[in-house]
Each structure stands twice: as structure tokens, then as C-alpha cells.
Amino acid sequence: MNQTKKNVEFIKNSGINYFLQDSPRNWFESPVKKAKTQNNIQQNNKLEQLDEIIASLKNHETILKKSAKNLVVFDGNLDAKVMFIGEAPGRDEDEQGIPFVGRAGQLLNKMLSAINLKRDAVYITNVVNWRPPDNRTPTDEEILEFLPFLQRQIDIVNPEYIFLLGGVAAKAILSTPLSLGKLRGKWHEYKSLQLNKTIFTIASYHPAFLLRSPQYKKASWEDLQMLQKKLENE
Ligand code: URA
């Protein structure tokens, strides 16, 4: 046995074997910093996966693309506990490529701050990612066409709660023809096979509807408070 091998054997026999690794061990890295680094890696992975979805959405041929200006995918935080899902981009969103930036978006921001949520702490998206002509409601076929992209986003973000804004989002995620009047005010379960978990879900009124029909704001406030209670009791 040559001298180097003897030295290695000696060190191994002394109980030390962790020196045999590809990179030097950083003994001085704090556990907090280490956790943060791991979080960053996770965050980067999520970003990469979302980039893939964005690329496939761009490649996906759809009639909606012909009249829209920009693809609108998401805004907010990839590590959010709560995901808000709307219907489809409107004119302002189509201009800017960001969901909920117009009047409905401003009301959504107010709804979030009323329950102490910052916009950049939640994940915001839509069922359909291109603006339908004249803001018409997406058809059932369009909802189904875009559903896999939405389900994939849910799996990547892995939220604890989903808040559905309006009937289109409720139909897409809860697969039900029931009206919001029947669906709101209680928790539903969205089961993700990929994540192997149940995500607690609320269906409530869309901010654009609330702007037109403010008498429903009280019910919407009750639904938001249900979410707030869950978040506070965690
Ligand atoms: N309405 C929606 O459903 N989504 C938006 O992004 C804007 C308005």
C-alpha cells in the first residue's frame, strides 16, 4: 500500500469518512442560510417548470390567439399558500400581459388587503390565458382546452388553498354546473393526483361582477373571511 492509500485508510479507520466528497464541506454555513439556499433551488425549479408551461402555451394553437395581443399567465408568488383563479384576461391584462391589472384587479387588490394578504404573497392566474374577443365568456371547449395548463400550475405552486373568482373558475376546477349562489360560503376539495393531496377551495364572486353588482360584496366578504380564518389558525 502506498503512503497516500495508507493515510486514507488510517483516516477512515479513525471514524472519519465524510472527507471523501466532491466538494469541500462548508462548516461555517448557518442552518438558516442553508435552508434559504434550498428554498432558492426549489423556487428556481418552479420557475423553470413555469417557463415550460409558458412555452407550451405559446406553442398551443388556439383561436383566441388570433384576436389577443399578449399571453397572460400569472402574477405573484410561486411559493404562495393561496392561489386565486379568475376567468380570462380583459383589455388591460391583454395590453400588459399580467392578470388582474384593470379595474377588477384593483378591486381584487383591495379584497386581498382586507384580509391582510399582499398581492405579491399570493399566486394569481386565470382559467384561460388569452383574452377572448370582446371579453366574451370562454366557452366550455375553451375551458377544457386550457384546463391542463391550469392544473399543471396548481401542481407546481402546490398551494394550501384555492380561491375561485367567478363561475368559470368554479366550473373548471370543481367540475360542476352549480351556480355560485349554491357553491359559495363553504369549503370544497380539489384533489390533485400529481401532488397526492387535497387543496381546500372556495368559490366566490368575481371582482368584475362585484363592480357591477355591489350588493354581493357582503357575501364575498364572508367568503374572504373564511379564508382569513384558515390562514390565521395555521
Ligand atoms: N378578469 C379575469 O377573470 N381575469 C383577469 O385577469 C382580469 C379580469
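In this text, all values refer to a predicted model and were calculated from it rather than measured experimentally.

Draft legend 1. Examining the packing of helix 5 (residues 103-114) against helix 10 (residues 217-232) more closely. Between helix 5 and helix 10, the least distance of the axes is 10 Å, while the angle of their chain directions is 50°. Classed by the angle they form, the pair helix 5 and helix 10 counts as oblique. Handedness of the crossing formed by helix 5 with helix 10: right-handed. Of the residues in helix 10, those in contact with Leu-107, Met-111 and Ala-114 of helix 5 are Lys-217, Ser-220, Trp-221, Leu-224 and Gln-228. When the residues that make up the contact of helix 5 with helix 10 are grouped by side-chain class, the tally is five nonpolar, two polar and one charged.

Draft legend 2. Highlighting the side chain of Thr-201. Secondary-structure assignment places Thr-201 in strand 6 (residues 197-204). At 3.0 Å, the side chain of Thr-201 forms a polar contact with the backbone oxygen of Ile-199. Among residues more than four places away in sequence, those in contact with Thr-201 are Ile-162, Leu-164, Leu-174, Lys-186, Trp-187, His-188 and Tyr-190.

Draft legend 3. The packing of aromatic side chains, seen in detail. A full pass over the atoms with the stated rule returns eight aromatic pairs. Between Tyr-161 and Trp-187, the aromatic rings sit 5.7 Å apart at their centres with planes inclined by 50°, giving tilted as the arrangement. With a gap of 26 residues between them, Tyr-161 in strand 4 (residues 161-165) and Trp-187 in the loop between helix 8 (180-183) and strand 5 (188-192) connect regions that are remote in the sequence. Through successive ring pairs, a cluster of aromatic residues spans Tyr-161, Trp-187 and Phe-200. The side chain of Lys-230 reaches across the aromatic face of Trp-187, ending 5.2 Å from its centre. Residue placement shows Lys-230 over the ring face of Phe-200; its charged tip is 4.7 Å from the ring centre.

Draft legend 4. Highlighting the site of the ligand. Taken together, Gly-86, Glu-87, Ala-88, Glu-93, Pro-99, Phe-100, Asn-126 and His-206 make up all the residues around the ligand. Between the ligand and Asn-126, the relevant distance is 2.8 Å, taken from a nitrogen atom to a side-chain nitrogen or oxygen of the residue. Contacts to the ligand include His-206, whose side-chain N or O atom sits 2.7 Å from an oxygen atom. Calculation on the ligand without its partners gives an accessible area of 230 Å², and the protein chains cover 92% of this total. Classifying every residue of the shell around the ligand by side-chain character gives three nonpolar, three polar and two charged.

Draft legend 5. Region of the structure containing the layout of surface pockets. The calculated volume of the largest pocket comes to roughly 670 Å³. What lines the largest pocket is a set of 27 residues, among which Ala-104, Asn-135, His-206, Ala-208 and Arg-212 lie closest to the centre. Elements that contribute at least two residues to the lining of the largest pocket include exactly helix 4 (91-96), helix 5, helix 7 (167-174) and helix 9 (207-212). Looking at which element gives the most residues to the lining of the largest pocket, the answer is helix 9, with four residues. Residues that form the lining of the largest pocket fall into these classes: 11 nonpolar, nine polar and seven charged.

Draft legend 6. Spatial organisation of the sheet that holds strand 1 (residues 74-76). The mixed open sheet is built from six strands, whose spatial order is 1-3-2-4-6-5. Looking at which strands have only one partner, the edges of the open sheet turn out to be strand 1 and strand 5. Strand-to-strand twist across the sheet, computed as the mean angle between neighbouring axes with direction ignored, equals 25°. Pairing of strand 4 with strand 6, which is carried by five bridges, proceeds in the parallel orientation. Across the sheet, the residue bridging to Leu-165 is Ser-204, located in strand 6. Across the sheet, helix 7 touches strand 2 (82-86), strand 4, strand 5 and strand 6, and the angle it forms with strand 4 is around 135°.

Cut-offs used in this document
- Residues numbered from 1 in each chain as written.
- Predicted model: local features only at pLDDT ≥ 70, side-chain atom pairs only at ≥ 80, totals over all residues.
- Heavy atoms only, no water.
- Axes fitted to C-alpha atoms, helices over the stretch in contact; angles between N-to-C directions.
- Helix = DSSP H or I, 4+ residues; strand = E, 2+ residues; numbered from the N terminus.
- Parallel < 35°, antiparallel > 145°, perpendicular 65-115°, else oblique.
- Left-handed = near helix turned anticlockwise from the far one by under 90°.
- Contact = heavy atoms within 4.5 Å.
- Nonpolar A, V, L, I, M, F, W, Y, C, P; charged D, E, K, R; others polar.
- Polar contact = N/O pair within 3.5 Å; in protein donor to acceptor, adjacent residues only side chain to side chain.
- Phe/Tyr/Trp six-rings, centres within 6.5 Å; stacked < 30°, edge-to-face > 60°.
- Lys NZ or Arg CZ within 6 Å of the ring centre and 35° of its normal.
- Near = heavy atom within 4 Å.
- Areas by Shrake-Rupley, 256 points an atom, 1.4 Å probe, with all protein chains shown as cover.
- 1 Å grid on protein atoms, 1.4 Å probe; cavity = no way out; pocket = protein on both sides within 12 Å on 5 of 7 lines; lining within 4 Å.
- Points joined across faces, edges and corners; volume = space filled by probe spheres on them.
- Pairing = 2+ DSSP bridges.

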